[in-house]
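If you want the building blocks of each chain, they are given just below.
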Amino acid sequence: MRQQVLQFFSKVLAQVQHPLLHYLSVHRPVQKLLRLGGTVPGSLTEKEEVQFTTVLCSKIQQDPALLTYILEGRKTVGRKEASREATALPREAAGVKNEEQPHSKAPDRGARGARALSTQLPAETEEPDGGPGESTLITSLIGLCKSKRARVALKAQENLLLLVSVASQAAATYLVQSSPCCPAIVEHLCQLYQSLPSFLDPADIATSEGISWRLPSAPSDEASFPGKETLAAFLGWFDYCDHLITEAHTVVSEALAKSVAEKLFVEILQPQLLHVAPPGSARPACRSEQSILTSTALLTAMLRQLRSPALLREAVAFLLGTDQQPAAPEDSPHTLGGHLVRHCDHLSDEISIATLRLFEELLQKPHEQIIHSLILCHLEGRPYVARGSPEPESYEDTLDLEEDPYFTDGFLDSGFQPSMKPPPAPVTNPDGKTAVTEIVNSFLCLVPEEAKTSAFLEETGYDTYVHDAYGLFQECSSRVAPWGWPPALPPLDPHEPERPFFEGHFLRMLFDRISRILEQPYSLNLQVTSVLSRLALFPHPLIHEYLLDPYINLAPGCRSLFSVLVRVIGDLMQRIQRVPQFPGKLLLVRRQLMGQVPGEQQRWLPPGDPSQTLGYHAGTLPTPPSRDPRHAVSFRLDHQTLLQGVVVLEEFCKELAAIAFVKFPPHGPHLRLSEPPEGHV
């Protein structure tokens, strides 16, 4: 019978042209029908219920004023009826007194009733309708969104999206203040998050990309892992919330974004990211590390899906705070981002890699505060440049690099094949900046000849990185174009006294990590260099100078990316002397990393995400997924970590040279590039 009634009313409301829902005798039965449905999960009338809500939402979209009638719950109805009775009682009592009984006590009784009702009635916006046990249009839609039937759930989500996108300011305000809309949506999101298993592998979370609320991922046997369906449900609903915030009215959008930040980010996610095991618990360190690792990977997955500006603002404030003042070296972390920077240098390599991936994802978001808080606020004013001395204009005016025994004569004589040589460039730059040719050659010649192996293999030249870097630089430039960054460096005042320079906790961590590239695991080195490459791509003159110009005259006690790499090369030259047959072992390690040398005793390469990085991360030195027999290689050599670090160092220097080239091409902004080799980005 319920099915028949729902079908009947759906057809009546859909086909009758005259507006009916504002009549009390119509919208009151509609509310009762909503209360009858949506109470039992998996109800047999789900199809009819979602058709009924579809008609109501379409009517509300046509006339947003109907929203208050449809969402009117029992509390609001009771208040309205009581208010009508309260105003009617004194009027009737006054009439009786005037006509029949001048000394009757009826007026006093009516006045007392009116006063009692007026004191019992709270303001209409104090408590939203739709409390526990009461079903309204909002709660009915949320219940239908949880249906196991995919078509019913999808239709309910479309109806809810239709409801929150009403154009009326008054209707949107009512939806936020007098309905359970935002709390119900976010409560379901938090429930899905808390239902996730605590043993999720970060590699499995990273593979769950492309999950959309319209196209939930179907579980497959090949890529199945424990908790996959639960993870897909959470990421799908998070994507839906993000889409709601994008499409909803501004009032609803801001309220929903704040609710997600407060309930999910602050109350649930933050304690897990800063997890401290309770005293006396079994294996507290392992539990703490697992909590940090899983929550960091999940936050990275959420950032990857996040598109709405309102929710992005809340996420940035949650991670980095609102204070954009530069930090001092002795400052303790006062934001969540400060604690996460420390996690990048964690004792656990897995936590360090997961947190570095989080920052790499954050750097790709279109929000200026991210790059300003992490980098630019520390570089403003160029305090890293020495005052009182002319800035170098060419290679001969720099820090005696030509006398350094770790430098070779030049890239053109380095043994590369002609197809791998950098494109020609002019020697001088009309803008007075360091010529791009000198920058490119400086990075390419940084690694000594005895530590280079790419010349012995095919398709590992510098030109491959140019193709990769060019596309990523164009993407980054279009993302930051609305921010109005200056095109050139501000001039230095030679009479201005030097002030202490601190590169910031984020850059200090990255420089410390890159200085240990010869001692760190291969997968960690790939992630550190990937984050630095992302930073170098930003088209800000301060970032370009500090990260990509080898010829800046650094102030005393300051370091740049190039100076850190020079120290690494010095350490490498000392270590080479202690490794017998170094060139042969180095070439074998490179071939092993590229999967060209199978071995008897096999070990899996570290897991990673090849799509997140450029150059050797995406093509030349792939990081294959774990548990794939195609990428099983042998590791029997001594000094394995050192040799792998040397390979990553060589490729990183070529990548930095390519980024510098595409940021300031010698032939203008439009590069004439040949087609990349097959299989490369």
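Taking an unreviewed UniProt entry as the reference, the protein is identified by name as Protein FAM160B2 isoform X6 belonging to Tursiops truncatus. Quoted straight from UniProt, the Sequence similarities (unreviewed entry) entry for the protein says "Belongs to the FHIP family."

So, about the overall build of the protein. Across its full length, the protein holds 26 helices and 2 strands. Among the 681 residues that make up the protein, the fraction classed as buried is 52%. Taking all contacts inside the protein whose residues are at least 6 apart in sequence as the whole, residues at least 24 apart take part in 81%.

What follows is about the environment of Leu565. Structurally, Leu565 can be placed in helix 24 (residues 561–576). Judged by relative accessible area, which is 0%, Leu565 ranks as buried. Remark: the alpha-carbon pair of Leu565 and Ile514, spanning 51 residues in sequence, is separated by 7.7 Å. Ignoring sequence-local partners within four residues, the contact set of Leu565 consists of Phe443, Leu446, Ile514, Leu649, Phe652, Cys653 and Leu656.

Below, the discussion takes up a negative patch on the surface. Together, Asp201, Glu289, Asp349 and Glu350 make up a negatively charged patch on the protein surface. Relative to the assigned elements, Asp201 resides in the loop between helix 10 (181–194) and helix 11 (202–207).

On to the nonpolar core, then. The nonpolar side chains of a soluble globular protein tend to be buried, and buried together. Ranked by size, the top nonpolar core spans 180 residues in total, and within it Leu137, Leu163, Phe265, Ile371, Phe506 and Leu565 carry the most contacts. Of all the elements, helix 26 (residues 640–663) adds the most residues to this core, at 15 residues.

A few words now on helix 18 (residues 368–379). Of all the 12 residues making up helix 18, 11 are buried; the element is thus mostly covered by neighbouring parts of the structure. When we look at burial in helix 18, the residues that qualify are Gln369, Ile370, Ile371, His372, Ser373, Leu374, Ile375, Leu376, Cys377, His378 and Leu379. Next to the buried residues of helix 18 lie helix 15 (309–320), helix 17 (349–363), helix 21 (505–515), helix 22 (522–536) and helix 23 (541–548).

When two helices pack together, their arrangement is given by the angle between the helix axes and by the axis-to-axis distance. Between helix 20 (residues 462–480) and helix 26, whose axes approach to 8 Å, the crossing angle comes to 55°. It follows that helix 20 is oblique to helix 26 by the angle criterion. At the point where helix 20 passes helix 26, the crossing takes the right-handed sense. Facing Tyr462, Tyr465, Val466, Ala469, Tyr470 and Phe473 of helix 20, the residues of helix 26 in contact are Glu651, Lys654, Glu655, Ala657, Ala658, Ile659, Phe661, Val662 and Lys663. Its residues assigned to classes, the contact of helix 20 with helix 26 shows 11 nonpolar, no polar and 4 charged.

In contact at an axis separation of 9 Å, helix 25 (residues 582–593) and helix 26 are set at 75° when each is read in the N-to-C sense. By the criterion of interaxial angle, the relationship of helix 25 to helix 26 is roughly perpendicular. Touching Phe582, Lys585, Leu586, Val589, Arg590 and Leu593 of helix 25 are Leu643, Gln644, Val646, Val647, Glu650 and Glu651, all from helix 26. Counted by class, the contact of helix 25 with helix 26 contains 7 nonpolar, 1 polar and 4 charged residues.

Bringing unusual backbone geometry into the picture now. Its identity is not glycine, yet Arg382 carries a phi of approximately 50°, on the positive side. Mapped onto the secondary structure, Arg382 falls in the loop between helix 18 and helix 19 (436–444). The class for Arg382 is buried, based on a relative accessible area of 3%. Of note in the backbone geometry, Gln581 takes a positive phi value of approximately 55° without being a glycine. One can find Gln581 in the loop between helix 24 and helix 25.

Here we come to helix 15. Taking 1.5 Å per residue as the helical rise, helix 15 with its 12 residues ought to reach 16 Å, and the 16 Å between its terminal C-alpha atoms agrees with that figure. Most of helix 15 sits inside the fold, with 9 of its 12 residues counted as buried. Those residues of helix 15 that fall on the buried side of the exposure criterion are Ala310, Leu311, Leu312, Glu314, Ala315, Val316, Phe318, Leu319 and Leu320. Gly321 lies just past helix 15 and shows a positive phi near 75°.

What follows concerns the environment of Gly227. For Gly227, the position within the fold is in the loop between helix 11 and helix 12 (228–247). Residue class for Gly227 comes out partly exposed when judged on its relative accessible area of 21%. Once you skip the residues sitting within four places of it in the chain, Gly227 turns out to touch Pro197 and Leu200.

Okay, the pattern of salt bridges next. Applying the stated criterion across every chain yields a total of 19 salt bridges. Of the charged contacts, one joins Glu545 and Arg382 as a salt bridge, the two residues approaching to 2.6 Å between their closest N and O atoms. Placement of the pair is Glu545 in helix 23 and Arg382 in the loop between helix 18 and helix 19, with a sequence separation of 163 residues. According to the relative accessible area criterion, Glu545 is buried, its value standing at 4%. Note that Asp571 is salt-bridged to Arg575, the shortest N-O span being 3.1 Å. A residue pair is termed a helical-turn pair when its members lie 3 or 4 positions apart in one helix, as Asp571 and Arg575 do in helix 24 at 4 residues. You can call Asp571 partly exposed: its relative accessible area is 26%. When salt bridges with common partners are traced through the structure, they connect Arg590, Glu650, Glu651 and Lys654 into a single cluster.

Our focus in this paragraph is the packing of aromatic side chains. Counted according to the given criterion, the structure contains 14 aromatic pairs. Here Phe511 and Tyr546 contribute two aromatic rings whose centre-to-centre distance is 6.0 Å and whose plane-to-plane angle is 40°, an arrangement assigned as tilted. With Phe511 in helix 21 and Tyr546 in helix 23, this residue pair connects regions lying 35 residues apart in the sequence. Of the two residues, Phe511 and Tyr546, neither departs from the other in class, the shared state being buried. Taken together, the ring pairs connect Tyr384, Phe501, Phe511 and Tyr546 into an aromatic cluster.

Cut-offs and rules
Residues numbered from 1 in each chain as written. Predicted model: local features only at pLDDT ≥ 70, side-chain atom pairs only at ≥ 80, totals over all residues. Heavy atoms only, no water. UniProt positions renumbered as here; feature names shortened; annotations may be inferred. Helix = DSSP H or I, 4+ residues; strand = E, 2+ residues; numbered from the N terminus. Buried < 20%, exposed > 50% of the residue type's maximum accessible area, 1.4 Å probe, protein only. Contact = heavy atoms within 4.5 Å. Patch = residues over 30% accessible without salt bridge, like charges linked within 9 Å, V, L, I, M, F, W, Y side chains within 5 Å. Areas by Shrake-Rupley, 256 points an atom, 1.4 Å probe, with all protein chains shown as cover. Salt bridge = Lys/Arg side-chain N within 4 Å of Asp/Glu carboxyl O. Lys, Arg positive; Asp, Glu negative; His and termini not counted. Charge placed at Lys NZ, Arg CZ, Asp CG, Glu CD. Core = buried A, V, L, I, M, F, W, Y, C linked by side-chain atoms within 4.5 Å. Axes fitted to C-alpha atoms, helices over the stretch in contact; angles between N-to-C directions. Parallel < 35°, antiparallel > 145°, perpendicular 65-115°, else oblique. Left-handed = near helix turned anticlockwise from the far one by under 90°. Nonpolar A, V, L, I, M, F, W, Y, C, P; charged D, E, K, R; others polar. Expected span 1.5 Å × (residues − 1). Phe/Tyr/Trp six-rings, centres within 6.5 Å; stacked < 30°, edge-to-face > 60°.

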